[in-house]
Amino acid sequence: MGTCVRRGVQRRHFAQHALTSVDGSRFAAYVQVAHQDRTTWAVGIDTDPDTAALRAVVGGVNRLRPGPATRQVAAPALQDASGAAL
């Protein structure tokens, strides 16, 4: 893992460990990815360590994608029990 040169996505940090469970072994992979001025973390969990790592990387790249604009919601005015403004 390193830089995806074609897209400019960089892997900054990566860690992986086994999870213990009653069902059997599962693995968790954590990755920090960056692109231009955006940085994010993602996690992948699977019974195969390589698949867990791939899930983490794909999740991180997906989180870097620009999403829909966030909508600003105004907080309602505070009122007392009778409905009068505070």
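Check the entry above for the structure.
Residue numbers run consecutively from 1 along every chain, following the written order of its sequence. Only residues with pLDDT of at least 70 get local features here, since the model is predicted, and only at 80 or more are side-chain atom pairs given and counted; chain-wide, interface and lining totals rely on the full set of residues. Note that water and hydrogens are dropped before the side-chain values are worked out from all heavy atoms of the structure.

Caption draft 1: Representation of the nonpolar core. Counting residues in each nonpolar core, the largest one holds nine residues, listed as Val9, Ala29, Val31, Val33, Ala42, Ala52, Ala53, Ala56 and Leu64. Among the elements of the structure, strand S3 (26-35) and helix H1 (49-64) are those that each provide at least two residues to this core. Non-local contacts of Ala52, meaning those with residues more than four positions away in its chain, are made with Gln16, Phe27, Ala29, Gly44, Ile45 and Asp46. Residue types Ala, Val, Leu, Ile, Met, Phe, Trp, Tyr and Cys, when buried and joined through side-chain atoms within 4.5 Å, form a set referred to as a nonpolar core. The rule is simple: take the accessible area with a 1.4 Å probe, protein chains only, and divide by the maximum for that residue type; under 20% is buried, over 50% is exposed, in between is partly exposed. Numbering of helices and strands starts at the N terminus; helices are DSSP runs of H or I of at least 4 residues and strands are runs of E of at least 2. Only heavy atoms matter for contacts: two residues are in contact if any of them lie within 4.5 Å across the pair.

Caption draft 2: Spatial organisation of the environment of Gln10. Along the chain, the position of Gln10 falls in strand S2 (residues 9-19). Counting along the chain gives 29 residues from Gln10 to Thr39, while the straight-line C-alpha distance between them is 9.3 Å.

Caption draft 3: Quick look at the pattern of salt bridges. The working definition used for a salt bridge is a side-chain nitrogen of Lys or Arg within 4 Å of a carboxyl oxygen of Asp or Glu. For the structure on display, the rule yields one salt bridge. Arg55 serves as the salt-bridge partner of Asp46, at 3.2 Å between the closest nitrogen and oxygen. In this structure Asp46 comes out as buried when scored by relative accessible area, which is 16%. Given a relative accessible area of 45%, Arg55 falls into the partly exposed group.

Caption draft 4: Structural view of a nonpolar patch on the surface. Patch membership is restricted to residues that have no salt bridge and whose relative accessible area is over 30%. Joining uses 9 Å for like charges and 5 Å for the nonpolar side chains Val, Leu, Ile, Met, Phe, Trp and Tyr. Note on areas: Shrake-Rupley with a 1.4 Å probe; residue coverage comes only from the protein chains shown. Nonpolar side chains collect at one region of the surface, where Tyr30, Trp41, Val43 and Ile45 lie side by side and expose about 370 Å² of accessible area between them. Considering every element that reaches the nonpolar patch, the biggest residue donor is strand S4 (residues 38-46), with three residues. Residue position: Ile45 is located in strand S4. You can call Ile45 partly exposed: its relative accessible area is 42%.

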